[in-house]
Amino acid sequence: MVAKNTAGTKRKSSPSSERPKQPKQQKQPKQQQPNQHQTRSSAKRAPKRERQSHRRHAEVVIEAKALWNKLRMKSNAKDETRQLADGLFDLLRGKFAEVAMQHDASRVVQAAVQFGTPDQRTEIVKEIGSAGDGRTLSDLCRVQYGHFVVLKAIKYCGRDDA
């Protein structure tokens, strides 16, 4: 088969243009498969969750971290910040000394010191300063994550709080 192009010269048409076009086959809809990325990531995080669930006060720390994530937002109103801080304080009361030594939970204790009322700060400092197992505030200063709590207490608490 011969066809004319726009320049007026003859050219041979390609064999693909001589074939009759077949109707396109409709694609089969994909079956809903579970998101593999989500499955992999949850499988990747599962051992960490398993290890953390064996720590002391694991459930309390998980709840406290959820409150802490809301509390640390700068867009909170004062009354909302006060409610979150009170909830955090009530959740951790009696556990501050032990929780202050954990990596992720020491940040929660720091937030309780930072956003708490002066009375709450005093109670936190007294609790972490004279833990029931004979530890003192100076011992907490030597702990890898506990010293950040002590620094926050120095920053936000008055001189005579403890």
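The preceding data block contains the structure.
Structure report, in brief. (Residues numbered from 1 in each chain as written. Predicted model: local features only at pLDDT ≥ 70, side-chain atom pairs only at ≥ 80, totals over all residues. Heavy atoms only, no water.)

## Some details on the pattern of salt bridges
Okay, step 1: For the structure shown, the criterion picks out 4 salt bridges.
Okay, step 2: Where Asp90 meets Arg93, a salt bridge forms, and the shortest distance between an N and an O atom there is 3.7 Å.
Okay, step 3: By relative accessible area, Asp90 is classed as partly exposed at 49%.
Okay, step 4: When its relative accessible area of 41% is taken as the criterion, Arg93 is described as partly exposed.
Okay, step 5: The salt bridge partner of Glu123 is Arg93, with a shortest N-O separation of 3.3 Å. Of the two residues, Glu123 is situated in helix H7 (residues 118-129) and Arg93 in the loop between helix H4 (78-92) and helix H5 (96-99); the sequence distance between them amounts to 30 residues.
Okay, step 6: Each of Asp90, Arg93 and Glu123 takes part in a single network of salt bridges with overlapping partners. (Salt bridge = Lys/Arg side-chain N within 4 Å of Asp/Glu carboxyl O. Buried < 20%, exposed > 50% of the residue type's maximum accessible area, 1.4 Å probe, protein only. Helix = DSSP H or I, 4+ residues; strand = E, 2+ residues; numbered from the N terminus.)

## Let's talk about the packing of aromatic side chains
Okay, step 1: Applying the stated criterion across every chain, the model contains 1 aromatic pair.
Okay, step 2: A ring pair is formed by Phe89 and Phe96, whose centres lie 5.7 Å apart and whose planes are at 35°; its orientation type is tilted. Comparing Phe89 with Phe96, the two get one shared label, buried. (Phe/Tyr/Trp six-rings, centres within 6.5 Å; stacked < 30°, edge-to-face > 60°.)

## A few points about a nonpolar patch on the surface
Okay, step 1: Together, Phe148, Leu151 and Ile154 give the surface a local cluster of nonpolar side chains, amounting to about 320 Å² of exposed area.
Okay, step 2: Assignment of secondary structure puts Phe148 in helix H9 (residues 146-156).
Okay, step 3: A relative accessible area of 40% means that Phe148 is categorised as partly exposed. (Patch = residues over 30% accessible without salt bridge, like charges linked within 9 Å, V, L, I, M, F, W, Y side chains within 5 Å. Areas by Shrake-Rupley, 256 points an atom, 1.4 Å probe, with all protein chains shown as cover.)

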